[in-house]
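An overview of the molecular structure
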Amino acid sequence: MRIPRVALLLLTPLLALVACSPTSNEPEAASKTERPTPATSSAGLVDPPFLGVDELWGREGLGPWRGGQLFHVQGNLVEVWNDAGNLAMRQFRAPASGAGLELVWEGTHAEGYGTHLLVLGDSIIQFWDNNGRLGMMQYRLRANGIGFDEVWATANIGEGYSTRFFALGNNLIQLWNNNGQTATIHYALDTDGSGFVWRANQTHAEGHGLEYVAYGDSLLQFWDNNGHVGAIQYRLRADGQGLDEVWGDADLERPWGGEFHVIGQDVLQLRNNNGRLAMVRYAPLAPQGFAAQPEQPDVGTGFGPRQLVVGSTLVQLWNANGRLGVLSHVREPNESQYTWKGGVDMFAPYDGNFLAMGNVLVQARDVNGQLALLQYGLAGCYSTPHLTQYGYYNYYNMLNAPALNLAELKDHTNLAPVYMFPQADARAPETVFPALHAAGMKGLVFLWGGELEDGHGKLITGCSAAEKAVWLPKWTALANRLQPYVNDIGGLYFEEMHWRQLHGYYVDKHGPMRTAPVSPDTVLADLELTNQRLSCLLQQVRADFPNTKIVLAETPEIFSGDLRGIRPNLLCKSCVAQVRIPKEVDFLGTYFYQADPSGFRAASQRVRSSCNTWSEWDAYNCLENGDQPACIRHAAQTTTCVETLDGYQLSDAMQAKLQPPSPLQNEQRLFAIPASNTHPAANATERAQASLARRSLLNNLYAMAANNPRYVGLFSYYWAASYEEPLPEPGAWLVDENGLGRLPLNNPLRKRYWDVGRCILPGRPL
């Protein structure tokens, strides 16, 4: 078979393809015959399509930017770079939670750095030119999965050096041009997985070309036959001694040009057709060979400089005015062609390096000299499949919109709010529940404010007959309104019951303290009163709704003892011990704040163990009394007695309040509320910082919740999820806890909060 010589073909100003072949007169290896059709049109689909792309995870500050080569080695992201002439590596892998990537190892090897590297199984193979001879080194993943060791090396394996290598299973194929003809050298991995042995050096009858791709146990060659595509398949021999040509077609009757990608069992040819992306699918035949499907001269997108395979999807990366755009091309089952399924603006800068890791796309970026990694993948389930999410939609939209599209809302959340307090529309359950039922959704019923509390926010639900005579009729009226919809209630939600008990100590949250300081005994007594009244109330709730989940959210301060920000203005370790969570509570949660993208910090502090259990800085003069470690005079003096409470410590403090599992009651579980916020007057720098903090907060919360079986998941506070501008509720920006209400609807960070309830795991749903 003769492969004609081709000249340089310029595809775009950014991408040039060189394809050349010899002028020798080899015999044809396979004659052109009538082509059979592929055995099955679904062959080659390997995993769910990369559609509805979302940012799954991202983190900055992962170490100095190296700008090295990225490799995917058995679930690990490995970066290799030149460290002063030596080969350096660092390894990232998913933590136990499955959320994102973490640095687990970094090392520098004594060998010189070479740019020709290849992944084979659990190893990275380095090739180098030793005065014209081929030198090789193998860096293998350690048995414990952390770190790479040099396990084998040779300065001269006995063959000349060339620059093209392919991995076929546990075999290395070295490709070289032997006077215009395709020549291959076969090296097999040794039986113990370390080192390679020479198997065969072959010069094939076919001419040498530049388009070769690894395909399972075969090496595929494509060349330009007078403007048409020709192809050859070389397969590993059964005796393990080199390659045999098993199939060839000198003219597949498809235009030559472009690049070739393997997706499962398919091969895709992509070429620039006057600025548009043209595509040909070559479908596998049994037992070997390929059938060319009709060319699609314009699949609907332009030809770009970056096309790569992510799982079973062809992904195009494009520059959307400096931002990263992702276009997905997918072949559905029983379809013969790949079609464009749409594009997503990722709202991330278009720069850095990209790598496919299974069905996840990884971007490595240089951010102020530090490495940032981002993962993109299927929207909804993210990278923590154990995690259940909950969220609720803007209640005011639900109640007042003339024709709310609940079917669309259901795509993003499985719960919607139903408020039962005087400030809410009196028709709330009667208005909302029928619509939720028709859409197959459930309501999360908020039961705080007014009916069960006094004017200062204190519960009135005592257990004495006299107290019950006041509040029980009010509760009964609420319960009677809810009973017709009991099967549509996803949970009964009580919020900040202990915090509200302490809420009334000051005239105003930011105003002056009352003349008489609140004594420790008063605070402890009020917390105990809340314990009793909350328990009495929830006993009644459980009696009236025996199968409905009871949800309680408290402020972080209740679990930390730092009450300076909620009117008592005190630090109180004793208060933490005083708070009890009734056994009727199914799910207990709190708010997690993070203002610093580099740390997982809650907006709480606590008294150090060396300090008094009690201090009220406006009630004591610490300097005059000489008892600085025991009490806090003002903010400038808090460093002695106060320590930061990070997210994991806050979680531990909350978990310590759960009662041990008992056969007599359901196991109590935890949930976390992401609550990073931004004021609308913030400048661009502050908003950018807050965006990074939100991303970091979500990453940490996903990891924490997915790695702890006591967590039911995350609760997304998203009151201002509105299609309307301006927002329909006065001050809605302020109750949008995450400051996302004014981001574009397709912004990945907004979607990540909004796309809730898609990954419900049996055993964890509310």
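Residues numbered from 1 in each chain as written. Predicted model: local features only at pLDDT ≥ 70, side-chain atom pairs only at ≥ 80, totals over all residues. Heavy atoms only, no water.

Points about the overall build of the protein
Selection criterion: A run of H or I in DSSP counts as a helix once it spans at least four residues, and a run of E counts as a strand once it spans at least two, with each numbered from the N terminus. Exposure categories follow from relative accessible area, calculated using a 1.4 Å probe and restricted to protein chains: below 20% of the type maximum is buried, above 50% is exposed, and the middle band is partly exposed. Note that accessible areas follow from Shrake-Rupley with a 1.4 Å probe, and for residues the cover is restricted to the protein chains shown.
Along the backbone of the protein there are 13 helices and 42 strands. Among the 766 residues that make up the protein, the fraction classed as buried is 54%. As displayed, the protein has an accessible area near 30700 Å², and 51% of this comes from carbon and sulfur atoms.

Overview of the nonpolar core
The test is simple: As used in this record, nonpolar core signifies buried Ala, Val, Leu, Ile, Met, Phe, Trp, Tyr and Cys residues forming a set joined through side-chain atoms within 4.5 Å. Should any heavy atoms of two residues lie within 4.5 Å, those residues are considered in contact.
Ranked by size, the top nonpolar core spans 61 residues in total, and within it Val445, Trp475, Leu492, Phe494, Leu588 and Phe592 carry the most contacts. With seven residues, helix α6 (residues 520–544) is the single largest residue contributor to this core. Contact partners of Trp475, with chain neighbours within four places excluded, come to Leu447, Leu452, Gln540, Val541, Asp544 and Phe545.

Points about the pairing of strand β4 (residues 69–73)
Heads up, the condition is: Strand pairing is assigned whenever DSSP identifies at least 2 bridges connecting the two strands.
Note: β4 against strand β5 (residues 76–83), five bridges, orientation antiparallel. From the neighbouring strand, Gln69 faces β5, where its bridge partner is Val80. Linkage of β4 to β5, two consecutive antiparallel strands, is achieved through a turn of two residues, within which Gln74 is found at a positive phi near 50°.

Considerations on the pattern of salt bridges
Pairing is possible between side chains that carry opposite charge, provided their charged atoms lie close to one another. Note the following rule: Salt bridges are counted wherever a side-chain nitrogen of Lys or Arg sits within 4 Å of a carboxyl oxygen of Asp or Glu.
Counting across every chain of the model gives 21 salt bridges. Arg90 is paired through a salt bridge with Glu79; the nearest N and O atoms lie 2.7 Å apart. You can see Arg90 sitting in strand β6 (residues 86–93) and its partner Glu79 sitting in strand β5, a full 11 residues away along the chain. Like Arg90, the residue Glu79 is buried in the burial classification. Among the ionic pairs, Asp298 bridges to Arg276, the shortest N-O distance being 3.2 Å.

Some details on unusual backbone geometry
The omega torsion of the bond from Ala286 to Pro287 falls at 0°, within 30 degrees of zero and hence cis. As for its position among the elements, Pro287 is in the loop between β22 (276–284) and β23 (290–292). Its identity is not glycine, yet Asn179 carries a phi of approximately 55°, on the positive side. Its place among the elements puts Asn179 in the loop between β13 (171–178) and β14 (181–189). Located in the positive-phi region is Asn321, a residue other than glycine, with phi close to 55°. In this fold, Asn321 is placed in the loop between β25 (313–320) and β26 (323–330).

Some thoughts on the side chain of Arg500
Rules: Here a polar contact is taken to be a pair of N or O atoms separated by no more than 3.5 Å, where protein atoms must pair a possible hydrogen donor with a possible acceptor and residues adjacent in sequence count only if both atoms sit in side chains.
Looking at the secondary structure, you find Arg500 in helix α5 (residues 497–502). A relative accessible area of 14% places Arg500 in the buried class. Reaching out from Arg500, the side chain makes a polar contact with the backbone oxygen of Glu495 at a distance of 3.1 Å.

Description of the sheet that holds strand β16 (residues 211–215)
Rules: Here the axes come from fitting lines to C-alpha atoms, over the contacting stretch only for helices, and the angles between their N-to-C directions go from 0 to 180 degrees.
Sheet architecture is open: four strands sit in the order β16-β17-β18-β19, paired in antiparallel fashion. For this open sheet the edge positions go to β16 and β19 (243–249), each flanked by a neighbour on one side alone. Each adjacent strand pair in this sheet contributes to an overall mean axis angle of 25°, direction not counted. Bridge analysis of strand β17 (residues 218–225) against strand β18 (residues 228–236) gives eight bridges, and the strand direction is antiparallel. By the bridge assignment for β18, Asp224 is matched with Val229.

Some details on the environment of Leu701
Within the secondary structure, Leu701 is located in helix α11 (residues 684–706). Overall, Leu701 belongs to the buried group, its relative accessible area being 0%. Here the alpha-carbon distance between Leu701 and Phe592, two residues 109 residues apart in the chain, equals 8.4 Å. In this structure Leu701 touches Phe592, Phe600, Ala672, Pro674 and Leu714, once residues within four positions along its chain are discounted.

Here's the deal with the confidence of the model for the protein
In regions of low pLDDT, the predicted coordinates are not meant to be interpreted in detail. As a reminder, the rule being used: In predicted models, pLDDT denotes the confidence assigned by the predictor to each residue on a 0 to 100 scale.
Taken over all residues, the pLDDT of the protein has a mean of 76, while the share at 70 or more is 68%. Predicted confidence for residues 1–47 stays below pLDDT 50, and this span has 114 contacts to residues more than four positions away or in other chains. pLDDT under 50 marks residues 379–398. Its contacts with residues more than four places away, or in other chains, come to 118 contacts.

Considerations on the sheet that holds strand β20 (residues 259–263)
Reading across the sheet, the four strands line up as β20-β21-β22-β23 and stay open at both edges, with antiparallel pairing between neighbours. Edge positions in the sheet fall to β20 and β23, since each of these pairs with one other strand and no more. Averaged over all neighbouring strand pairs, the angle between strand axes comes to 30°, with direction disregarded. As defined by bridge partners, strand β21 (residues 266–273) adjoins β22 across seven bridges and the pair is classed as antiparallel. Note that in β22 the partner of Leu270 across the bridge is Met279.

Quick notes on the packing of aromatic side chains
The cut-off we apply is this: Between rings of Phe, Tyr and Trp, where Trp is taken as its six-membered ring, a pair exists when centres lie within 6.5 Å; planes separated by under 30 degrees are stacked, by over 60 edge-to-face, and by other angles tilted.
Under the counting rule described, the total for this entry stands at 11 aromatic pairs. Geometrically, the ring pair formed by Tyr215 and Phe290 is edge-to-face, given 5.1 Å between the ring centres and 75° between the ring planes. Highlighted residues: Tyr215 in strand β16 and Phe290 in strand β23, separated in sequence by 75 residues. Relative accessible area serves as the criterion here: at 13%, Tyr215 is assigned to the buried category. Overall, the relative accessible area of 5% leaves Phe290 in the buried class. Arranged with centres 4.2 Å apart and planes meeting at 10°, the rings of Phe222 and Phe260 form a pair that is stacked.

A few points about helix α3 (residues 428–439)
Basically, it comes down to this: By definition here, a helix of n residues has an expected span of 1.5 Å times n minus one. Regarding the arc, it is the one traced by the directions from the helix axis to the C-beta atoms.
Counted at 1.5 Å a residue, the expected span for α3 with its 12 residues is 16 Å, and the 17 Å between its end C-alpha atoms agrees. Those residues of α3 that sit buried are Ala428, Pro429, Val432, Phe433, Leu436 and Ala439. Buried residues of α3 fall within an arc of 125° about the axis and therefore sit on the same side. Those residues of α3 that are exposed and aimed more than 90 degrees away from the buried face are His437 and Ala438. Within two residues after α3, Gly440 carries a phi angle of roughly 75°, on the positive side.

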